[in-house]
Amino acid sequence: MANSLSLGKLRLASRYLLSPLAGYTNLPFRRVVRELGGVGLATTDLVNARALLRASPKTMELIATCPEDRPVAVQIYGTEAKEMSEAARWLENYGASVVDINMGCPVHKVTRGGGGSALLCAASASTTVNLVRAVVEAVKIPVTVKMRLGWDSGDQSAPFFAREFEKAGVAGVIIHGRTRAQGFGGEVDLEGIRAVVEAVERIPVIGNGDVRSVADALRMLEATGCAGISIGRGALLNPWIFAQLCRWDRTGDPGPAAGYDARLELMHRHYYLLVEERGERFASLTFRKVANWYCRVLKPGREIQQRLMMLESVADFDGIVNGLRENGPPANWNSTVVPEIAVPKGPIEYW
Ligand SMILES: Cc1cc2nc3c(=O)[nH]c(=O)nc-3n(C[C@H](O)[C@H](O)[C@H](O)COP(=O)(O)O)c2cc1C
């Protein structure tokens with residue numbers, strides 16, 4: 001089937017993937033999105049291979065998963081082949097469906113040691129390719145690489161690396177159509193993604209960047225020939241996008257946008273999954289961070305927004321949601337609002 005996608009022997013239920021968004025795509029969020037349907041694969045936040053091997057509590061939290069969270073890729077970063085392959089083996093035993101190697105992260109904390117997107121401009125390309133090969137050879141589960149187009153516009157190494165990674169045995173690459181120097185600025189470069197698609201022989205190339213609607217997805221599929229699409233910020237704004245895209249694949253119609261009640265139910269489910277996983281206190285504190293984007297969509301007014309951003313307990317939450325249910329949407333509420341998601345800004349040297 002033209003629309004199916006496999007990573008090695010792992011056949012995915014859809015060609016639409018949830019991208020890792022560190023700090024957001026934690027287990028409760030992944031579950032809530034999966035429940036809406038259409039997610040072929042979700043990935044954890046990036047974790048440091050060395051910290052994983054030490055089983056640091058923070059890292060264990062970041063890779064928390066459960067049977068409903070399948071198939072799941074765990075994303076690792078690091079610079080040493082031995083450490084990265086041991087981490088991959090550890091993850092295979094842990095039950096990860098896929099190991100994803102981070103070669104896209106532009107943040108200084110990750111690149112200064114040579115990890116993340118810095119691997120795309122390693123002094124010797126063979127160091128990077130050998131690292132990937134070592135990880136592939138360490139495990140039976142599929143290994144993927146998530147990368148950017150290159151370090152900057154003068155060094156668009158992604159097509160070269162994608163082909164080399166394919167020879168080294170990776171099951172697929174996910175390509176964010178920006179260079180490291182671009183950060184999150186400018187427009188995603190569809191031609192750059194196309195060059196990666198054309199560079200490989202067999203493996204699927206999954207396009208990524210700025211897909212927020214069915215029209216954006218169509219444009220990416222047509223312009224690049226990519227085998228699938230990974231969606232990050234667009235899924236925070238509209239977690240139904242995966243189900244809508246699958247329906248569009250089947251019928252040519254994505255169906256209606258989610259209405260006010262569905263949005264409210266989603267918020268409710270998200271908070272309760274947080275409570276289930278981490279308890280009332282942690283869930284309430286964590287929820288404050290995402291309350292803002294629910295408010296941008298639901299537009300409940302300033303007072304409710306402030307209460308959600310100071311959330312303390314399940315009782316508070318229930319009181320707020322019951323009130324919102326009773327009152328219904330504000331006049332002229334429109335489900336198609338597209339709020340912005342914060343990304344690092346300013347000169348990339350300081351990220
Ligand atoms: C807040 C934030 C956190 C991110 N964390 C990760 C990460 O942990 N690993 C990774 O490979 N990419 C990470 N990314 C990049 C996204 O996965 C994705 O490649 C990028 O946002 C472009 O896709 P989008 O326009 O669909 O969001 C992050 C992006 C943002 C905005």
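Residues numbered from 1 in each chain as written. Predicted model: local features only at pLDDT ≥ 70, side-chain atom pairs only at ≥ 80, totals over all residues.

Topic: the overall build of the protein chain
Secondary structure assignment for the protein chain yields 14 helices and 10 strands. Here the C-alpha atoms of the protein chain give a radius of gyration of 20 Å, agreeing with the 20 Å that 2.2 N^0.38 yields for 351 residues. Taken across its 351 residues, the protein chain has 46% of its residues classed as buried. Counting only contacts in the protein chain whose residues sit at least 6 apart along the sequence, the fraction spanning at least 24 positions is 71%. (Helix = DSSP H or I, 4+ residues; strand = E, 2+ residues; numbered from the N terminus. Rg over C-alpha atoms; globule rule 2.2 N^0.38 Å. Buried ≥ 20, exposed ≤ 12 C-beta atoms within 10 Å, placed from the backbone. Contact = placed C-beta atoms within 7 Å.)

Description of the packing of helix α1 (residues 27–36) against helix α12 (residues 260–298)
Packing of α1 against α12 leaves a shortest axis separation of 9 Å and a crossing angle of 140°. The angle between α1 and α12 falls in the class oblique. When the axes of α1 and α12 are compared, the crossing they make is right-handed. On α12, the residues that touch Leu27, Pro28, Phe29, Arg31 and Val32 of α1 are Leu266, Arg269, His270, Leu273, Leu274 and Glu277. The residue inventory of the contact of α1 with α12, partitioned by class, reads seven nonpolar, one polar and three charged. (Axes fitted to C-alpha atoms, helices over the stretch in contact; angles between N-to-C directions. Parallel < 35°, antiparallel > 145°, perpendicular 65-115°, else oblique. Left-handed = near helix turned anticlockwise from the far one by under 90°. Nonpolar A, V, L, I, M, F, W, Y, C, P; charged D, E, K, R; others polar.)

Remarks on the sheet that holds strand β10 (residues 228–231)
Ordered in space as β3-β4-β5-β6-β7-β8-β9-β10, the eight strands form a closed barrel in which the pairing is parallel. Pairwise comparison of adjacent strand axes, ignoring direction, gives a mean angle of 25° for this sheet. Contacts from helix α7 (residues 158–168) reach β7 (143–148), β8 (172–176) and β9 (205–208) within the one sheet, and its direction differs from that of β7 by about 175°. (Pairing = 2+ DSSP bridges.)

Points about the nonpolar core
Counting 77 residues, the largest nonpolar core has Ile76, Val99, Val132, Val135, Val170, Val173 and Val205 as its most contacted members. For Val99, the residues in contact, after removing those within four places along its chain, are Ala73, Val74, Ile76, Ala88, Leu91, Val135, Val139, Ile141 and Val143. Counting 16 residues, the second-largest nonpolar core is a separate cluster that includes Met267, Leu273, Ala283 and Leu324. (Core = buried A, V, L, I, M, F, W, Y, C linked by C-beta atoms within 7 Å.)

Let's talk about the packing of helix α6 (residues 125–138) against α7
Axis separation between α6 and α7 bottoms out at 9 Å; the angle between their running directions is 35°. α6 and α7 meet at a crossing whose hand is right-handed. Contacts between α6 and α7 involve Thr128, Val129, Val132, Arg133 and Val136 on the former and, on the latter, Phe161, Glu164, Phe165 and Ala168. Split by residue class, the contact of α6 with α7 holds six nonpolar, one polar and two charged.

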